[in-house]
Amino acid sequence: MTKRILFILILFLPLVSAAQLTETDTLPFGYRLTANGSWITGNVERLLLIGTADLYTVHEQWAFRTANTYQYGTIAKNLTENDLFSRNFFYLHPRQRFYPYLMAWVETNKRREIALRYQYGPGISWAALSKQDNQLKLSFTLTYESAEYSRNNFGNSRYDNDPFIETFRGTIRVYGQHRLLNNKLKFRYECWGQQSFEDRQNYRLHGEFALELPLTSMTSFRVGYNYNYESIVLEGIKKRDGFLLFGIAVANFK
């Protein structure tokens, strides 16, 4: 219940802002809120809700972004998701083509039985495309990661007998958004891969893809697909997850 209250506060506090911002605009504040979900009834009852609050502040010499995602899900009224994933970035000279940053991620995952996982470290980003209708960014980050699991029997026996896993990782990330059909449709995606430097069998893949149809100047209908793969999981946990989602996006920029 506490997580839900915190998420609702994070989600709606930025609505007081009235500035406009994309990653290429000149105004200093912006937000993007998305609410997605699916509901199945009948022989199998399944509810899944995913909400994200993506907040920006951009200045000439520095910028900060925080993207906070909350997942809530049930199967036959049994709780399957109750998770928070917070991604935070502090950038220097963000209007340059190449610019450095610091990254800090914190997450929990009930479905994968991850009590707490965090990572932090420096990175560099390349703005390959920075146009109004097409944006593409590539980045590389070096992080230290610590993860605590709810038990210590893993699918890979190398990690058995200790619920903690610590490692250094390299992350390659691709982010893009493109306006299509004379701005009648928008395609967004964010993909990243994370590889442990200490164990080549320890890696993760993530992808988010969405098509958005503008409804008003601030609101869009969206269809999205999220994919996750983790090579190191607890025994009995599947490595892959995929979600097809429908929802609404609200942003104070076009």
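Sequence order as written defines the numbering, with residues in each chain counted from 1. Residues qualify for local features only when their pLDDT is at least 70, as the model is predicted, and side-chain atom pairs are given and counted only at 80 or more; totals for whole chains, interfaces and linings, by contrast, use all residues. Excluding hydrogens and water, the side-chain figures rest on all heavy atoms present in the structure.

As for the overall build of the chain
Then, in step 1: Counting its secondary structure elements, the chain contains one helix and twelve strands.
Then, in step 2: Counting from the N terminus, the helices are the DSSP runs of H or I reaching at least four residues and the strands are the DSSP runs of E reaching at least two. In sequence order, the chain lays out its α and β elements as α-β-β-β-β-β-β-β-β-β-β-β-β.
Then, in step 3: Exposure is judged per residue with a 1.4 Å probe applied to protein chains only, and the accessible area is read against the type maximum: over 50% gives exposed, under 20% gives buried, and values in between give partly exposed. The buried share among the 254 residues of the chain stands at 48%.
Then, in step 4: By the convention used here, residues are in contact when the closest approach between their heavy atoms is within 4.5 Å. Here the contacts in the chain between residues at least 6 apart in sequence split such that 53% fall between residues at least 24 apart.
Then, in step 5: Only carbon and sulfur atoms are counted for the fraction: they give 62% of the accessible area of the chain, which is about 13500 Å². All accessible-area figures derive from a Shrake-Rupley calculation using a 1.4 Å probe, and residue coverage is judged against the displayed protein chains alone.

Quick word on the packing of aromatic side chains
Then, in step 1: For this analysis, a ring pair means two rings from Phe, Tyr or Trp (six-membered ring only for Trp) whose centres lie within 6.5 Å, classed as stacked if their planes differ by under 30 degrees, edge-to-face if by over 60, and tilted for the remaining angles. Across all of its chains, the model carries 16 aromatic pairs by this definition.
Then, in step 2: Between the aromatic rings of Phe89 and Trp105, the centroid separation amounts to 6.4 Å while the plane-to-plane angle is 80 degrees, which identifies the pairing as edge-to-face. On the criterion of sequence distance, the pair formed by Phe89 in strand β4 (residues 78-92) and Trp105 in strand β5 (residues 98-109) is long-range, its members being 16 residues apart. Across this residue pair, the class does not change: Phe89 and Trp105 are buried.
Then, in step 3: With centroids separated by 6.4 Å and ring planes inclined at 5 degrees, the aromatic side chains of Tyr118 and Tyr120 adopt a geometry described as stacked.

Re the environment of Ala210
Then, in step 1: Examined against the element boundaries, Ala210 turns out to sit in strand β10 (residues 203-214).
Then, in step 2: Along the backbone, Ala210 and Arg222 are twelve residues apart, and their C-alpha atoms lie at a distance of 6.5 Å.

Some remarks on the side chain of Arg204
Then, in step 1: In this structure, Arg204 sits in strand β10.
Then, in step 2: Residue Arg204 is classed as buried on the basis of its relative accessible area, which comes to 5%.
Then, in step 3: We define a polar contact as two N or O atoms separated by no more than 3.5 Å, with the added condition that, inside protein, one atom must be a possible hydrogen donor and the other a possible acceptor, whereas residues neighbouring each other in sequence contribute only through side-chain atom pairs. In terms of polar contacts, Arg204 uses its side chain to reach the side chain of Glu145, at 2.5 Å.

A look at the environment of Asn182
Then, in step 1: Inspection of the secondary structure puts Asn182 in the loop between β8 (164-180) and β9 (185-196).
Then, in step 2: You can call Asn182 exposed: its relative accessible area is 75%.
Then, in step 3: Through-space distance from the C-alpha of Asn182 to that of Asp133 is 9.5 Å; in sequence the pair is 49 residues apart.

Some details on the sheet that holds β10
Then, in step 1: Two strands are said to pair when DSSP picks up at least two bridges between them. Read around the closed barrel, the twelve strands follow the order β1-β2-β3-β4-β5-β6-β7-β8-β9-β10-β11-β12; overall the barrel is antiparallel. Averaged over all pairs of adjacent strands, the angle between their axes in this sheet comes to 20 degrees, without regard to strand direction.
Then, in step 2: Strand direction decides the pairing type here: β4 and β5, joined by seven bridges, are antiparallel. Residue Phe90 lies in a different strand from β5, and its bridge partner there is Leu102. Fitting a line to C-alpha atoms yields each axis, with helices limited to the stretch in contact; the angle taken between N-to-C directions then spans 0 to 180 degrees.

Quick word on the pattern of salt bridges
Then, in step 1: Salt bridge criterion: a side-chain nitrogen from Lys or Arg within 4 Å of a carboxyl oxygen from Asp or Glu. Enumeration over the complete set of coordinates arrives at 20 salt bridges.
Then, in step 2: Note that Arg95 and Glu60 form a salt bridge whose closest N and O atoms lie 3.7 Å from each other. Of the two residues, Arg95 is situated in the loop between β4 and β5 and Glu60 in the loop between β2 (46-58) and β3 (62-75); the sequence distance between them amounts to 35 residues.
Then, in step 3: Of the charged contacts, one joins Asp199 and Arg158 as a salt bridge, the two residues approaching to 3.3 Å between their closest N and O atoms. Of this pair, Asp199 sits in the loop between β9 and β10 while Arg158 sits in the loop between β7 (134-149) and β8; the two residues are 41 residues apart in sequence, bridging distant segments of the chain.
Then, in step 4: Here the salt bridges share partners, and the residues they tie into one network are Arg46, Glu81, Glu107, Arg111, Arg112, Arg117, Glu230 and Asp241.

Some words on a nonpolar patch on the surface
Then, in step 1: Residues Phe98, Ile124, Trp126, Phe140, Leu142, Phe168, Ile172 and Phe197 make up a contiguous nonpolar surface patch of about 810 Å² in total accessible area.
Then, in step 2: For the nonpolar patch, the secondary-structure elements that each account for two or more residues are β6 (114-130), β7 and β8.
Then, in step 3: Residue Phe168 is classed as partly exposed on the basis of its relative accessible area, which comes to 43%. Put simply, a patch holds well-exposed residues, over 30% relative accessible area, that have no salt bridge, with like charges counted together within 9 Å and Val, Leu, Ile, Met, Phe, Trp or Tyr side chains within 5 Å.

Notes on the pairing of β8
Then, in step 1: Pairing of β7 with β8, which is carried by 15 bridges, proceeds in the antiparallel orientation. Looking at the pairing, Phe140 lines up with Ile172 of β8.
Then, in step 2: Note that β8 and β9 share twelve bridges and pair antiparallel. Looking at β9, one finds that Tyr175 is bridged to Glu190.
Then, in step 3: Where β8 folds back onto β9 in an antiparallel hairpin, the turn is made up of four residues, including Leu181, whose phi is positive at roughly 55 degrees.

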